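What follows is the residue order along each chain.
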Amino acid sequence: MCKEVSIIMPNYNCLDYLPKAIDSVLQQQDVRFELIVVDDGSTDGSLEWLKAAEQKYNQLRVLTQPNQGVIAARNRAIKKANGQFIAFLDADDYWYPTSCASK
């Protein structure tokens, strides 16, 4: 099924911020979305946390790659995106519940 918005989030060692960032995306209102997180070779346990979250939330997809930088991570996710629109969110940021609303 095509999602309205593909939200792309690169991650490199952001375990302290990931729960808040991902929770803010999962609480988006009035929009259909998929969240693609690309782990860019993290060594802080964030990949393990992401894999557990992926099992819990069907909107979340986790991709992995060796550390290549944020641009490579975003480009990888863009190639896998299914949405009509693409939005970017850094792993240490968060959105308000209507940040991605279609109204």
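Values in this document were obtained by computation on a predicted structure and should not be read as measured data.

In terms of helices and strands, the chain carries 3 helices and 4 strands. Along the chain, from the amino end to the carboxyl end, the secondary structure elements read β-α-β-α-β-α-β. Taken against the 2.2 N^0.38 rule, which gives 13 Å for 103 residues, the C-alpha radius of gyration of the chain at 12 Å falls within 12% of a compact globule. On the principal axes, the C-alpha backbone points of the chain span a range of 40 × 25 × 20 Å. For the chain, contacts bridging at least 24 residues in sequence account for 79% of all contacts bridging at least 6.

Our next topic: the nonpolar core. Core analysis: the largest hydrophobic core is formed by 22 residues, its most contacted members being Ile7, Met9, Ile22, Val25 and Leu35. For this core, the secondary-structure elements that each account for two or more residues are β1 (5–11), α1 (18–26), β2 (33–40), α2 (46–56) and β3 (60–65). Ranked by residue count, the leading element in this core is α1, at 5 residues. With near-sequence residues (within four places) excluded, Val25 lies in contact with Ile7, Met9, Phe33, Leu35, Leu89 and Trp95. Core analysis: the next-biggest nonpolar cluster, separate from the first, contains 6 residues, Ile8, Val38, Leu63 and Ala77 among them.

Moving on: the environment of Gln68. Tracing the chain through its elements places Gln68 in the loop between β3 and α3 (70–80). Since its relative accessible area comes to 48%, Gln68 is described here as partly exposed. For the pair Gln68 and Glu48, spaced 20 residues apart in the sequence, the C-alpha separation amounts to 19 Å.

Our next topic: the state of the cysteines. Taken as a whole, this structure holds 0 disulfides when the rule is applied. Here Cys14 stays unpaired: no disulfide links it, and the sulfur of Cys100, its closest cysteine neighbor, is 20 Å away. Judged by relative accessible area, which is 14%, Cys14 ranks as buried. Take Cys100: its relative accessible area is 12%, and that puts it in the buried class.

Among the residues making up α2, those that are buried are Ser46, Leu50, Ala53 and Glu54. Seen from one end, α2 has its buried residues packed into an arc of 105°, which puts them on one side. Opposite the buried face of α2, by more than 90 degrees, sit the exposed residues Glu48, Gln55 and Lys56.

Within the secondary structure layout, Glu34 lies in strand β2. Side-chain polar atoms of Glu34 contact the side chain of Arg61, separated by 3.0 Å.

Now for the packing of α1 against α2. Packing of α1 against α2 brings their axes to within 11 Å, and their N-to-C directions diverge by 30°. In terms of their interaxial angle, α1 and α2 are classed as roughly parallel. Judged by the sense of rotation from one axis to the other, the crossing of α1 with α2 is right-handed. Only Ser46, Trp49 and Leu50 of α2 make contact with α1, whose side of the interface consists of Leu18, Pro19 and Ile22.

Cut-offs and rules
- Residues numbered from 1 in each chain as written.
- Predicted model: local features only at pLDDT ≥ 70, side-chain atom pairs only at ≥ 80, totals over all residues.
- Heavy atoms only, no water.
- Helix = DSSP H or I, 4+ residues; strand = E, 2+ residues; numbered from the N terminus.
- Rg over C-alpha atoms; globule rule 2.2 N^0.38 Å.
- Contact = heavy atoms within 4.5 Å.
- Core = buried A, V, L, I, M, F, W, Y, C linked by side-chain atoms within 4.5 Å.
- Buried < 20%, exposed > 50% of the residue type's maximum accessible area, 1.4 Å probe, protein only.
- Disulfide = S-S within 2.5 Å.
- Arc of directions from axis to C-beta.
- Polar contact = N/O pair within 3.5 Å; in protein donor to acceptor, adjacent residues only side chain to side chain.
- Axes fitted to C-alpha atoms, helices over the stretch in contact; angles between N-to-C directions.
- Parallel < 35°, antiparallel > 145°, perpendicular 65-115°, else oblique.
- Left-handed = near helix turned anticlockwise from the far one by under 90°.

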